[in-house]
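Residues per chain, in single letters:
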2 protein chains.
Amino acid sequence: MSNFTDKLKAAIDEKESFVCVGLDPRLNRIPDHIKEEVVKEYGKTKEAVAEIFIKFNKGIIDAVHQHVPIVKPQIAFYEQYGHQGIRAYEETIKYAQKKGLLVIADAKRNDIGSTAQAYADGYLGEVDFWEESEFGFGADALTVNGYLGIDGIQPFIDSCEDYGKGIFILVRTSNPSAGDLQDLETDNGKVYETMAELVNDWRIESKGKNGYSAVGAVVGATYPQEAEELREVMKESYFLVPGYGAQGAGAKEVIPAFNEDGYGAVVNSARGIIFAYERKPWQEQFSAEEYQEASQAAVKAMRNDINETLDEYGKLPW
Amino acid sequence: MSNFTDKLKAAIDEKESFVCVGLDPRLNRIPDHIKEEVVKEYGKTKEAVAEIFIKFNKGIIDAVHQHVPIVKPQIAFYEQYGHQGIRAYEETIKYAQKKGLLVIADAKRNDIGSTAQAYADGYLGEVDFWEESEFGFGADALTVNGYLGIDGIQPFIDSCEDYGKGIFILVRTSNPSAGDLQDLETDNGKVYETMAELVNDWRIESKGKNGYSAVGAVVGATYPQEAEELREVMKESYFLVPGYGAQGAGAKEVIPAFNEDGYGAVVNSARGIIFAYERKPWQEQFSAEEYQEASQAAVKAMRNDINETLDEYGKLPW
């Protein structure tokens, strides 16, 4: 069973890219021509929403798959349309993997042991299916929230070992009020620092050949000083770094999330890539019909921005 | 718009019951006669799993709805079967509400602001639907995880106000390793105590007529001393109390979660009620075909156990 971080490193090397594209569709921002075509067949139904999401996502995946190692569909945007939305989520994962992409299910799941086991089975492993078992969503990795402690995390770690999967535990989130709880001073540093030490403790023994553990961390790009310090604490963990682009962080802010070897982080952008067609500077060059070209231009620019900045700091591995 | 806690108090008074039934179906524990009947029609498919869950849950709801104010389907057990599982989740919510029950979606959702908004819309409010909007799951309340701070919670609070819904924020969970993070000592008490103060700060202004806020807390019955202290901090919040029964807590352990007025808590049991037919002491009295009767007997016993113990402590309101 290949380790998740070995697969991730191979994909990063192949694409020469640390970009993760957030596949977070929103009905009112998807180009009209896609919606109109689907509505003709399905009407204005939730089934139509699912078909629109699938069609849009496939278009984005086709446009970006040669330029990024990994994508991250945020399940909230699908789940809000109920079972039809979840069908779109399943199809999106399948299509991305078919196109050679790794997929992080961004679901930030968390619960007590037996329920965490159900989530782990559903996202990363196999579910009870009469006498046998069957794969669930089959994602390559999952984001999780560690507020419940190790017995709520262990089932996910077990799935990492059993199925060659990865997890990213929330340590330092990218939002403005991240500090309400995460910045509280404890006997052992701030809460997020303790979470980082727990993540480091929870690294699985079976590390990848590349030296990284399948237990990673979410560390927001909007807090670069914290990222630098966290890089020291969790040397063998990959960081999933949200906050680049629409949330305000640039390439300089994401550099501290990388190790000296140039690995150890993937940087997510959602709106800035998938809705590039309606955002600066791309909106002047591309129409809504050219949303794929706009996304490809945006993703190449982001890849280059990060790679060039890594190079400036002597961290580019190639 | 009626406040969630007013609806909850009315339901508690009507049923004279503080019991919440956890609707957490597991394929391998559902009576064979239900599975066999469905498989005849649908084969051994995920569609069949959904139909089995719906049929089983309807049976449980029919058996318990006169004896409890509220039910709590844990979404992990549905979600692991993908979109078919989510269809069963939707049908379960609808049927429970049709039978006069309030429904807590136990999903422990958490994310940054814009994504938290998507979850809030999906579970409690209305989602973007072309020129209009449409209700999502339509649950009456949702469990949420506050690790991301207020901007990840505010969208849920807004939904409480706009739609007469409730939330239960994880404060002190019922699992053995709850303390890994929650027990860390900060300048301001332990992490869970700070979370409790945040919950108290986040109470919405628009309290119910009964004096309770729509912003509640999850406080595990397995930590009764902590519950007693937390009751003081969050006087105007309802507690959702997991841990009774299968997790080892009895009625005495849940009493501290109640206020002196006898309100302020609902006590959840899942396995102990829904799979009563295969558990002590009911397995000797009931066959698998009589799983409804077993669940009804178990729920009545739990209701009486809690009410009698509340009475002993002078907290029974009737």
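Procedures and definitions
- Residues numbered from 1 in each chain as written.
- Chains lettered and ligands numbered in written order.
- Predicted model: local features only at pLDDT ≥ 70, side-chain atom pairs only at ≥ 80, totals over all residues.
- Heavy atoms only, no water.
- Contact = heavy atoms within 4.5 Å.
- Buried area = accessible area lost by both parts, 1.4 Å probe.
- Salt bridge = Lys/Arg side-chain N within 4 Å of Asp/Glu carboxyl O.
- Helix = DSSP H or I, 4+ residues; strand = E, 2+ residues; numbered from the N terminus.
- Nonpolar A, V, L, I, M, F, W, Y, C, P; charged D, E, K, R; others polar.
- Pairing = 2+ DSSP bridges.
- Axes fitted to C-alpha atoms, helices over the stretch in contact; angles between N-to-C directions.
- Least-squares fit on C-alpha atoms with pLDDT ≥ 70 in both.

S.K.: Looking at this structure, I do not really get the interface of chain A and chain B. What am I missing?
M.R.: Interfaces are frequently sized by the accessible area removed from exposure as the parts join. Chain A puts 77 residues into the contact, and the matching count from chain B is 77 residues. Both faces considered, chain A and chain B share a buried interface measuring about 6,000 Å² in area, 57% of it formed by carbon and sulfur atoms. The interface formed by chain A and chain B holds six salt bridges in total. For R109 of chain B, the salt bridge goes to E79 of chain A, with nearest N and O atoms at 3.0 Å. No other element matches the seven residues that helix α6 (residues 113-123) of chain A contributes to the side of chain A that touches chain B. For the side of chain A that touches chain B, the class distribution of residues is 34 nonpolar, 23 polar and 20 charged.

S.K.: Would you mind going over the pairing of strand β4 (residues 126-129) of chain B with me for this structure?
M.R.: Successive residues of a regular strand alternate their side chains across the two faces of the sheet. Residue and element names in this part refer to chain B. With four bridges connecting them, β4 and strand β5 (residues 132-135) associate as antiparallel partners. The residue of β5 that forms the bridge with E126 is F135. Hairpin connection of β4 to β5: two residues between the antiparallel strands, including W130 at a positive phi of 55°.

S.K.: Is there a simple way to think about the sheet that holds strand β6 (residues 141-144) of chain A in this case?
M.R.: Note on sheets: strands pair through backbone hydrogen bonds, and any given pair is parallel or antiparallel. Residue and element names in this part refer to chain A. Judged by pairing direction, the barrel is parallel, and its eight strands sit side by side in the order β1-β2-β3-β6-β7-β10-β11-β12 before closing back on the first. Between one strand axis and the next, the sheet turns through 30° on average, direction left out of account. Sheet strands touched by helix α10 (residues 224-233): β7 (166-172), β10 (213-219) and β11 (237-241). Its angle to β11, the strand with the most contacts, is close to 165°.

S.K.: Explanation requested: the relation of the copies chain A and chain B in the structure shown.
M.R.: Two chain copies, one operation linking them: a rotation about an axis together with a shift along it. Expressed as a screw operation, the relation of chain A to chain B combines 0.0 Å of axial shift with a rotation of 180°, fitting to an RMSD of 0.0 Å. This pairing of chains is accounted for by a two-fold axis. Both copies share a contact surface, since 100% of the interface residues of chain A are interface residues in chain B too.

S.K.: I would appreciate a short explanation of unusual backbone geometry in the present structure.
M.R.: Cis geometry marks the peptide bond from K280 of chain A to P281 of chain A, where omega comes out at -5°. Looking at the element boundaries, P281 of chain A is found in the loop between α12 (271-274) and α13 (291-312). Residues other than glycine seldom take positive phi values, yet E16 of chain B does so here, at roughly 45°. When you line up the elements, E16 of chain B lands in the loop between α1 (4-15) and β1 (19-22). Notably, W130 of chain B is not glycine yet its phi reads approximately 55°, a positive angle. Of note, W130 of chain B is situated in the loop between β4 and β5.

S.K.: What's the story with the environment of A63 of chain B in this structure? I'm lost.
M.R.: Residues and elements named next belong to chain B. With respect to the secondary-structure elements, A63 resides in helix α3 (residues 46-64). Between the C-alpha atom of A63 and that of A139, which follows or precedes it by 76 residues, the distance is 21 Å. Excluding its chain neighbours within four sequence positions, the residues that come into contact with A63 are Q292 and Q296.

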